Amino acid sequence: GLVQPPPTAGRAMAAEVAEQPHRWERLLDRSGARDSDLARAVSLVQAYRPRFVLLVARGTSDHAALYAKYLFEILCGLPCGLVSPSTMTTYDATPAANGVLMVGVSQSGGSPDLVRSLEVGRARGALTLAVTNRADSPLARAAECHVDVLAGPERAVAATKSYTAQLLALYLLVDRLRGGTGAAAARLPEAGARVLDQEAHIARLAQRYRFASRLVCTGRGYSYPTAREAALKLMETSYVAAQAFSGADLLHGPLAMIDPQVPVMAVVAEGRGGDAMLPVLDRLTASGADILTVGRASAADRADATVVLPDDVPEELSPLLEILPFQTLARHLAIARGADPDRPRGLDKVTETL
Ligand code: F6R
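Residues numbered from 1 in each chain as written. Predicted model: local features only at pLDDT ≥ 70, side-chain atom pairs only at ≥ 80, totals over all residues. Heavy atoms only, no water.

Under the annotation held in an unreviewed UniProt entry, the chain carries the name SIS domain-containing protein and is attributed to Streptomyces tanashiensis.

(A) Structural detail: the overall build of the chain. Counting its secondary structure elements, the chain contains 14 helices and ten strands. In summary, the chain has a C-alpha radius of gyration of 20 Å against a globular reference of 20 Å for 354 residues, a match within 12%. Seen through its C-alpha atoms, the chain measures out along the principal axes to roughly 55 × 40 × 40 Å. Buried positions account for 57% of the 354 residues belonging to the chain. A sequence separation of at least 24 residues applies to 76% of the contacts in the chain between residues at least 6 apart. Entry remark: accessible area of the chain is about 14,200 Å², with carbon and sulfur atoms responsible for 51%. Each charge class in the chain was averaged separately, 37 positive and 38 negative side chains, and the resulting centres sit 3 Å apart. (Helix = DSSP H or I, 4+ residues; strand = E, 2+ residues; numbered from the N terminus. Rg over C-alpha atoms; globule rule 2.2 N^0.38 Å. Buried < 20%, exposed > 50% of the residue type's maximum accessible area, 1.4 Å probe, protein only. Contact = heavy atoms within 4.5 Å. Areas by Shrake-Rupley, 256 points an atom, 1.4 Å probe, with all protein chains shown as cover. Lys, Arg positive; Asp, Glu negative; His and termini not counted. Charge placed at Lys NZ, Arg CZ, Asp CG, Glu CD.)

(B) Quick look at helix H8 (residues 161–177). Counted at 1.5 Å a residue, the expected span for H8 with its 17 residues is 24 Å, and the 24 Å between its end C-alpha atoms agrees. Gly179 lies just past H8 and shows a positive phi near 90 degrees. (Expected span 1.5 Å × (residues − 1).)

(C) Representation of the site of the ligand. Surrounding the ligand, one finds Arg58, Gly59, Thr60, Ser61, Ser106, Gln107, Ser108, Val157, Ala158, Ala159, Lys233 and Glu236. Between Gln107 and the ligand, the recorded distance is 2.7 Å, taken from a backbone N or O atom to an oxygen atom. One nitrogen or oxygen atom from the main chain of Val157 is found 3.5 Å from an oxygen atom belonging to the ligand. The fraction of the free accessible surface of the ligand (410 Å²) that becomes covered by protein chains is 78%. Mapped by element, the contributors of at least two residues to the shell around the ligand are helix H4 (59–76) and helix H11 (224–238). Among the elements that take part in the shell around the ligand, H4 stands out by supplying three residues, more than any other. Considered class by class, the residues forming the shell around the ligand number three nonpolar, six polar and three charged. (Near = heavy atom within 4 Å. Polar contact = N/O pair within 3.5 Å; in protein donor to acceptor, adjacent residues only side chain to side chain. Nonpolar A, V, L, I, M, F, W, Y, C, P; charged D, E, K, R; others polar.)

(D) Region of the structure containing the pairing of strand S7 (residues 241–246). Across six bridges, the pairing between strand S6 (residues 214–219) and S7 is parallel. Of the residues in S7, the one forming a bridge with Leu215 is Ala242. Between the parallel pair S6 and S7, the chain is carried across by H11, and the sense of this crossover is right-handed. (Pairing = 2+ DSSP bridges. Right-handed = clockwise from strand over helix to strand, strands pointing away.)

(E) Examining the sheet that holds strand S1 (residues 52–56) more closely. Read from one edge to the other, the open sheet built from five strands follows the order S2-S1-S3-S4-S5, with strand pairing classed as parallel. Each edge of the open sheet is held by one strand with a lone partner, namely strand S2 (80–82) and strand S5 (145–148). On average, each strand axis in the sheet is tilted by 20 degrees relative to the strand beside it, whichever way the strands run. Direction of pairing for strand S3 (residues 100–106) relative to strand S4 (residues 127–132): parallel, over a ladder of six bridges. Residue pairing for S4: Val105 is matched across the bridge by Val131. (Axes fitted to C-alpha atoms, helices over the stretch in contact; angles between N-to-C directions.)

(F) A look at the sheet that holds S6. Overall, parallel pairing links the five strands, which are arranged S7-S6-S8-S9-S10 in an open sheet. Every interior strand has two partners, whereas the edge strands, S7 and strand S10 (305–308), have only one. Each strand of the sheet is rotated relative to its neighbour by a mean of 15 degrees, with strand direction disregarded. Summarising the sheet, strand S8 (residues 264–268) and strand S9 (residues 291–295) pair through five bridges and their orientation is parallel. Bridge pairing links Val264 to Ile291 in S9. Packed onto the sheet, helix H10 (residues 199–208) meets S9 and S10 and runs at close to 155 degrees relative to S10. Sitting on the sheet, H11 is in contact with S6, S7 and S8, with an inclination near 175 degrees to S7.

(G) Layout of the environment of Asn98. With respect to the helices, strands and loops of the structure, Asn98 is situated in the loop between helix H5 (85–88) and S3. Separated by 91 residues in sequence, Asn98 and Pro7 place their C-alpha atoms 54 Å apart. Leaving out residues up to four positions away in the same chain, Asn98 has contacts with Tyr48, Arg51, Arg124 and Gly125.

(H) Geometry of the side chain of Thr160. Position of Thr160 among the secondary structure elements: in the loop between S5 and H8. A residue is classified by how much of its surface remains accessible, and Thr160, at 0% relative accessible area, is buried. Other than its neighbours up to four places away in sequence, Thr160 contacts Met13, Glu16, Val17, Gln20, Glu154, Lys233 and Gln327.

(I) Region of interest: the environment of Ser86. Within the element layout of this structure, Ser86 appears in helix H5. As a C-alpha pair, Ser86 and Thr237 span 151 residues in sequence and 26 Å in three-dimensional space. Discounting chain neighbours no more than four positions away, the residues touching Ser86 are Arg58 and Tyr91. Only 2.8 Å separates the side chain of Ser86 from the side chain of Ser84, close enough to count as a polar contact.

Written out as structure tokens, the structure reads:
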């Protein structure tokens, strides 16, 4: 049988998940100030007029970077790529970076390979920006400008509040660059609180997936980073083999491994990305998959289980809400499987010692 984790299991993670709407509120308040770090970053980027954006990050922060890629490309028409730090560290490559905005995304701002990447980019002509939760970190110091995501100290090993704070900071940056005021984001804290209110429902879902050894997470467009981050949270806390695919890629091969023993968690937002998931859901249903949908209410009739999200935020902001049920599910699933999500095996965190 499964071991019983201590009653304190997952408390740090639960607290950090719960405080997200409050952290978003603070970031929204602060970003409105004329002299904010965000305002300074926006004016530097506008003066630089980048032709291309390169993002560098790892783990959860890499998923925030992937979200930013969609934002830059769709909302600003700026081509954007994720660059692996190893090209500039392991291989000592020095990519030409004139006209490039290079963005390092990192909760801790402490990882030497990101610092090195920004140094190389800057030396090769890029404008460098650090998006971190530590204004005094080496990454923030290495960059020409810095946006603080204001998530507060993150103590749990699994990144949760820093992820959504990164998403929001990156959204506010891109929205300002295209001349927006960030007004659409004002609704997020209240909408996020409504999602977190569904904890009892999600705890029951954890029982449903308790014995699954493999899982697939999928989403399209803005929701693809959610699928990636959901899979990472599930793997690192409950050790389930969770694989993420974009809904498009799922149909180009991996669909063959789907059977009723491999539950599929599909993010189906309102908007075009979610619309494009509907044919994917049909193919999954035809494969006999056990499907959980997270997002629009109308997807429920194609699913075996569902989590409905508020439909009053624009599609490009829905990733902030979409990840919340997965964070909660990851914590409950870990506990149901006898693990303490605050102490994932084999993982450490870059924290105070920078
Ligand atoms: C996952 C997690 C890690 C970090 C990664 C990058 O929950 O915490 O994947 O996201 O180690 O760390 P930072 O953002 O500090 O550079």
